[in-house]
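Commentary on secondary and tertiary structure
Spelled out from the first residue to the last, the chains are:
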Amino acid sequence: MKAWNHFKTINRHKWLVMKACFKLGLYKQGLLHDLSKYSPTEFMVGVRYYQGTRSPNNAEREDKGYTTAWLHHKGRNKHHLEYWLDYDLENGGITGMKMPVKYVVEMFCDRISASKNYNRDSYTEQMPLEYYNKGKSKYLLHPETAKLLEEMLTLLANKGEEETFQYIKSVILTNEVRRERV
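A brief structural summary. Just so it is clear, the structure is predicted and the values come from calculations on it, not from any experiment.

It is worth spelling out the overall build of the protein chain at this point. Secondary structure summary: the protein chain contains nine helices and two strands in total. Each helix and strand of the protein chain, ordered N terminal to C terminal, gives the series α-α-α-α-α-β-β-α-α-α-α. Dimensions of the protein chain, computed from the C-alpha atoms along their principal axes, are close to 50 × 40 × 30 Å. Evaluated residue by residue, the protein chain yields a buried proportion of 45% over its 182 residues. When contacts within the protein chain are restricted to residue pairs at least 6 apart in sequence, long-range pairs at least 24 apart make up 60% of them. Of the roughly 10,600 Å² that the protein chain leaves accessible, carbon and sulfur atoms contribute 54%. The centroid of the 29 positive side-chain charges in the protein chain is displaced by 5 Å from the centroid of its 22 negative side-chain charges.

Here's what the structure looks like:
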């Protein structure tokens, strides 16, 4: 039963992200989003630690001190900030690299969809921003990436999904396409 419930959870999440990406014209990202969750490395861990109210990765992390599924996942999915961590040649240590806009937008869609998936009927448009704010002091995000993500999450919390998606599509993604052509 846990396998079936986990499968339904990841399918629902993938469907929500795909719908959001499609609304924004990010068709390829919508189709390819989180395909690694179906790999044995991620799926079997998800089944073992399935709870239905939060990511199984957190339960595995609590149990083992790390999560094999997350280590696999973050290295294969460019919408995760952890994919973009690298050495800081100027200051030493690890830092967040600037993410391409299309992946920041996909991360935004991912955060909305995760909130909807785990909170179901109690979901509010403030939840993705609240979740982000709880951990933002620990994130290694490039300042420009953080600014863009926070802008979208704040707009969602204050203006709602419809207006936010319109802004992302007509301003953020349109400006990015213009920059790519230059």
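Further notes follow.
Attention shifts here to the nonpolar core. With 32 residues, the main nonpolar core has Leu24, Met99, Val105, Phe108, Leu149, Met152 and Ile168 as its most contacted residues. Contributing elements (two or more residues each) for this core: helix 1 (2–23), helix 6 (101–119), helix 7 (127–135), helix 8 (143–159) and helix 9 (161–181). Top contributing element to this core by residue count: helix 6, with eight residues. Contact partners of valine 105, with chain neighbours within four places excluded, come to Leu24, Leu26, Met152, Ile168, Ile172 and Leu173.

With respect to the helices and strands, the residue aspartate 34 is situated in the loop between helix 2 (27–32) and helix 3 (40–48). A polar contact of 3.0 Å, which involves the side chain of aspartate 34, links it to the side chain of histidine 73. Excluding residues within four positions of it along the chain, aspartate 34 makes contact with His13, His73, Asn77, His79, His80 and Asp110.

Our focus in this paragraph is the pattern of salt bridges. Going through the model one piece at a time under the given rule, you end up with seven salt bridges. The salt bridge involving glutamate 60 is made with lysine 64; its shortest N-O contact spans 3.1 Å. Placement of both glutamate 60 and lysine 64 in helix 4 (residues 56–64) is noted, with a separation of four residues, approximately one turn of the helix. On the accessibility criterion, glutamate 60 (0% relative accessible area) is buried. Glutamate 161 is the partner of lysine 116 in a salt bridge, and the nearest nitrogen-oxygen pair spans 2.9 Å.

Here we come to unusual backbone geometry. Here the phi dihedral of aspartate 34 falls at roughly 55°; this positive angle occurs in a residue that is not glycine. One non-glycine residue, arginine 120, lies in the positive phi region at around 45°. If you trace the backbone, arginine 120 turns up in the loop between helix 6 and helix 7. Arginine 120 sits in the partly exposed class, given a relative accessible area of 45%.

Each value, and the rule that gives it
- Residue numbers here run from 1 along each chain, matching the order of that chain's written sequence.
- Only residues with pLDDT of 70 or above have their local features reported here, since the model is predicted, and side-chain atom pairs are shown and tallied only from 80 upward, although totals for entire chains, interfaces and linings are computed over all residues.
- Side-chain numbers here rest on the full set of heavy atoms in the structure, without hydrogens or water.
- Per the convention used, a helix needs a DSSP run of H or I reaching at least four residues, while a strand needs a run of E reaching at least two, with both numbered from the N terminus.
- Note on exposure labels: buried denotes an accessible area under 20% of the residue type's maximum, exposed denotes more than 50%, and partly exposed covers the range between, all computed with a 1.4 Å probe on protein chains only.
- Contacts are residue-level and defined by heavy atoms, with any inter-residue pair within 4.5 Å sufficient.
- Under the convention used here, a 1.4 Å probe and the Shrake-Rupley method define accessible areas, while residue burial counts only the protein chains that appear.
- Neither His nor the chain termini are counted; the positive set is Lys and Arg, and the negative set is Asp and Glu.
- Positions of charges follow a simple convention, taking NZ of Lys, CZ of Arg, CG of Asp or CD of Glu.
- Residues enter a nonpolar core if they are buried and are Ala, Val, Leu, Ile, Met, Phe, Trp, Tyr or Cys, with the set joined through side-chain atoms within 4.5 Å.
- The definition of a polar contact used here is a pair of N or O atoms within 3.5 Å, where within protein one atom must be able to donate a hydrogen and the other to accept one, and adjacent residues in sequence count solely through side-chain atom pairs.
- The working definition used for a salt bridge is a side-chain nitrogen of Lys or Arg within 4 Å of a carboxyl oxygen of Asp or Glu.

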